[in-house]
Amino acid sequence: PHLTRSPPPCQHGRMAEPVEVSVEVAAAPAALYAMVSDVTRMGEWSPENVGARWLSGATGPAVGARFKGRNQRGWRRWSTVNEVVEADPGVAFAFHTSSFGLNVARWRYTFAGDEAAGTCTVTESFVDERGALINVGGRLATGVADRDAHNRDGMRQTLDALKAAAEAG
C-alpha cells in the first residue's frame, strides 16, 4: 500500500514551489529507496547533513517515525526533528522537517524506473515551509540567505554522490 501523511499547512499561508533535482542511476528503484530511506546514512551523500538517528524507538522508515538530523555548514551546526510522511518502498520516501517546533520543509525522494532493467530516475525535492520567525533564525543559524539555490546545489551533490555509491556496488 502507498503510505502517506499530509504535511502540516505552511505557516506563512502560501505554498512554496518545490525545488527539484533528478539523476539517472544504473540501479534498481528498491535498492535506491533502501539507501535513501536509511536516514542514518544520509551523511554519506549530503554536503550539509552529517548524520541522523531514529527517535522514540523507531528503527526504520515508516509513516510517523521520527528522526533527528544533524547538519553542518562550515563552523555552523544545527539539528532538526523530522517525521516520515511517506514510505512506499521503491516508489517514494518523504519527511517533514521542523526546528524548535516550527515548520521548516518537506523533503521527498521519488524513484521511477525499471526494476528488472536496474535503472532508475531519482528525484529529490524540497518545499520551503518556513514562516518569518524560522526564516530569520535559519539564516542566522545556517548562514544561508537563498535557501532554494543553496538546496538545489546541495541536492545535485547529494544525488551525484548517491549515484556514485549505488553504481559502485
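Residues numbered from 1 in each chain as written. Predicted model: local features only at pLDDT ≥ 70, side-chain atom pairs only at ≥ 80, totals over all residues. Heavy atoms only, no water.

1. Here's the deal with the overall build of the chain
- Helices and strands together make up the secondary structure of the chain, namely three helices and seven strands.
- Listing the helices and strands of the chain from first to last along the sequence gives β-α-β-β-β-β-β-β-α-α.
- Residue burial in the chain is summarised as follows: out of 169 residues, 46% are buried.
- Here the chain displays about 8400 Å² of accessible surface, and carbon together with sulfur accounts for 54% of that area. (Helix = DSSP H or I, 4+ residues; strand = E, 2+ residues; numbered from the N terminus. Buried < 20%, exposed > 50% of the residue type's maximum accessible area, 1.4 Å probe, protein only. Areas by Shrake-Rupley, 256 points an atom, 1.4 Å probe, with all protein chains shown as cover.)

2. What about the environment of Asp 128?
- Take Asp 128: it is sitting in strand β7 (residues 119-128).
- Considering only alpha carbons, one finds Asp 128 and Thr 97, 31 residues apart in sequence, at a separation of 9.7 Å.

3. Observations regarding the side chain of Asn 71
- Relative to the helices and strands, Asn 71 resides in strand β3 (residues 66-73).
- A distance of 3.5 Å separates a polar atom in the side chain of Asn 71 from a polar atom in the side chain of Asn 49.
- Apart from residues no more than four positions distant in its own chain, Asn 71 is found in contact with Glu 48, Asn 49, Val 50, Arg 76, Arg 77, Trp 78 and Thr 80. (Polar contact = N/O pair within 3.5 Å; in protein donor to acceptor, adjacent residues only side chain to side chain. Contact = heavy atoms within 4.5 Å.)

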